[in-house]
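Listed below are the residues making up each chain.
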Amino acid sequence: MAEENKMDEYEQMNARIRERMDRIGRKIMVMSGKGGVGKTTVTVNLANELAEMGCRVGVLDTDLHGPNVAKMFGVEGASLDSKDGVSFLPVEVRPGLKVISLSFALEDPDAPVIWRGSMKMGAIRQFLADTEWGDLDYLIIDTPPGTGDEQLTVCQSIPELTGTIIVTTPQDVAILDARRSVNFSRRLGVAIIGVIENMSGLVCPHCHEEIPIFGKGGGRRMCADMHVPFLGEVPMEMDLRIAEDSGKDWMSEGASHPSREALMDIARAINEGTACSTSRDTSFLGTSSCKPSACASCTSNCPSRKKQQ
Ligand SMILES: Nc1ncnc2c1ncn2[C@@H]1O[C@H](COP(=O)(O)OP(=O)(O)OP(=O)(O)O)[C@@H](O)[C@H]1O
Ligand SMILES: [Mg+2]
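Cut-offs and rules
Residues numbered from 1 in each chain as written. Chains lettered and ligands numbered in written order. Predicted model: local features only at pLDDT ≥ 70, side-chain atom pairs only at ≥ 80, totals over all residues. Helix = DSSP H or I, 4+ residues; strand = E, 2+ residues; numbered from the N terminus. Buried ≥ 20, exposed ≤ 12 C-beta atoms within 10 Å, placed from the backbone. Contact = placed C-beta atoms within 7 Å. Near = placed C-beta within 6 Å. Nonpolar A, V, L, I, M, F, W, Y, C, P; charged D, E, K, R; others polar. Expected span 1.5 Å × (residues − 1). Arc of directions from axis to C-beta. Core = buried A, V, L, I, M, F, W, Y, C linked by C-beta atoms within 7 Å. Pairing = 2+ DSSP bridges.

1. Here's the deal with the overall build of the protein chain
Next, step 1: Each helix and strand counted, the protein chain has 10 helices and 9 strands in total.
Next, step 2: Here the protein chain holds 309 residues, and the buried ones make up 44% of them.
Next, step 3: In the protein chain, 77% of the contacts between residues at least 6 apart in sequence involve partners at least 24 apart.

Pasting the structure below:
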């Protein structure tokens, strides 16, 4: 009986998730194999840029142990609110941009969240089921590093997930982990929107020369090798880091910067659909530029080609 009730609750939650998700256009999960490569930075800046373009954007922070989204949006003082005591009201960063994060429920920002997998699963599903986003064009989901409970919960709770954006830095140890994120997406049958190579060279704030501090081109090479779309290279810039630390919108700030231009191009490509497969055709795993019909003449090791043989 208790089992049956649990099942009922699970199904009811699924139904609520369906209802919420049906009002959202594209749902994108940002992930990486390695920590600290810039997932939250990419999430926040793409969200700001898409909102700047006039899209209605929601951001869900599923990094329950290290929620940084609110700080980078400059709304870390906000608290979790509800109209009816059941659902959550997301915090409005600016018109057209809302965010929900566990950090809004934490009284002490220094308190660690010591949770097992099942609790994390429950919290993420509750945010998906009970956040009052209304109608959105985009829901961007920031995740912690790796391919664990959080990423699995998102993919399994949103079967129609538009796809994943995989963030990596160019050096070998990050690429090794990014390959796992690619294979995670494939294993779960989730489309890969593309890979972003972040911290792709450091722009010296004095001479503006680029120093390849983590190397360069590793993300692009991995994409060619694994047959996944490459979205672009975002260089390291000290001003970008300062903007994120102070919760300023980097995308709306004055003069031109290489990292901002790169992020703008990526946001545009996603919004124009050139980098965003909306279908979840899991039988075809090639790049965004190749067609299944061309598989026969292709010489790659792409899983799609192997399937067609
Ligand atoms: N292109 C960049 N130029 C300068 N600083 C950057 C850049 N990208 C990210 N950073 C900085 O690097 C740090 C780590 O970035 P961020 O928190 O976005 O990584 P993350 O992948 O989300 O980390 P975690 O795995 O802990 O969630 C932050 O201080 C951020 O401001
Ligand atoms: Mg993060």
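2. Quick notes on the site of ligand 1
Next, step 1: Around ligand 1, a shell composed of 22 residues is seen, among which Gly35, Gly38, Thr40, Thr41 and Arg241 lie nearest.
Next, step 2: Here the shell around ligand 1 is built from residues that sort into 7 nonpolar, 10 polar and 5 charged.

3. A closer look at unusual backbone geometry
Next, step 1: Positive phi, close to 65 degrees, is recorded for His208, a residue that is not glycine.
Next, step 2: The topology assignment puts His208 in the loop between β7 (192–203) and β8 (210–211).
Next, step 3: Given 8 C-beta atoms within 10 Å, His208 falls into the exposed group.
Next, step 4: With phi around 60 degrees, His227 is a residue other than glycine that occupies positive phi space.
Next, step 5: With 20 C-beta atoms packed within 10 Å, His227 lands in the buried category.

4. Some remarks on helix α9 (residues 258–271)
Next, step 1: With 14 residues, α9 ought to run about 20 Å at 1.5 Å a step, and its terminal C-alpha atoms sit 20 Å apart, in line with that.
Next, step 2: Residues of α9 that are buried include every one of Ser259, Arg260, Ala262, Leu263, Ile266, Ala267 and Ile270, and no others. The buried residues of α9 occupy an angular sector of 160 degrees when the element is viewed end-on, so they sit on one face.
Next, step 3: Of the residues one or two after α9, Gly273 is the one with positive phi, at around 85 degrees.

5. Thoughts on the nonpolar core
Next, step 1: Val30, Ala47, Val57, Ile140 and Ile165 are the most contacted members of the largest nonpolar core, which totals 69 residues.
Next, step 2: When residues in this core are grouped by element, the largest group, 6 residues, is from helix α2 (residues 39–52).
Next, step 3: Beyond its immediate stretch of four places on either side in the chain, Ile140 contacts Ile28, Val30, Thr43, Leu46, Ala47, Val57 and Val59.

6. Things to note about the environment of Asp245
Next, step 1: Tracing the chain through its elements places Asp245 in helix α8 (residues 238–245).
Next, step 2: A C-alpha to C-alpha distance of 9.3 Å links Asp245 and Phe73, two positions 172 residues apart in sequence.

7. Describing the pairing of strand β5 (residues 136–142)
Next, step 1: Counting buried residues along β5, 6 of its 7 residues qualify, which places the element largely inside the surrounding structure.
Next, step 2: Two elements, strand β1 (residues 24–31) and β5, share 6 bridges in a ladder whose sense is parallel. Bridge pairing in β5 places Ile28 opposite Ile140.

8. Some points on helix α5 (residues 149–157)
Next, step 1: Of all the residues in α5, the buried ones are Glu150, Gln151, Thr153, Val154 and Cys155.
Next, step 2: Buried residues in α5 make contact with β1, α4 (117–130), β5 and α6 (172–188).

Coordinates in, geometry out; function isn't part of it.
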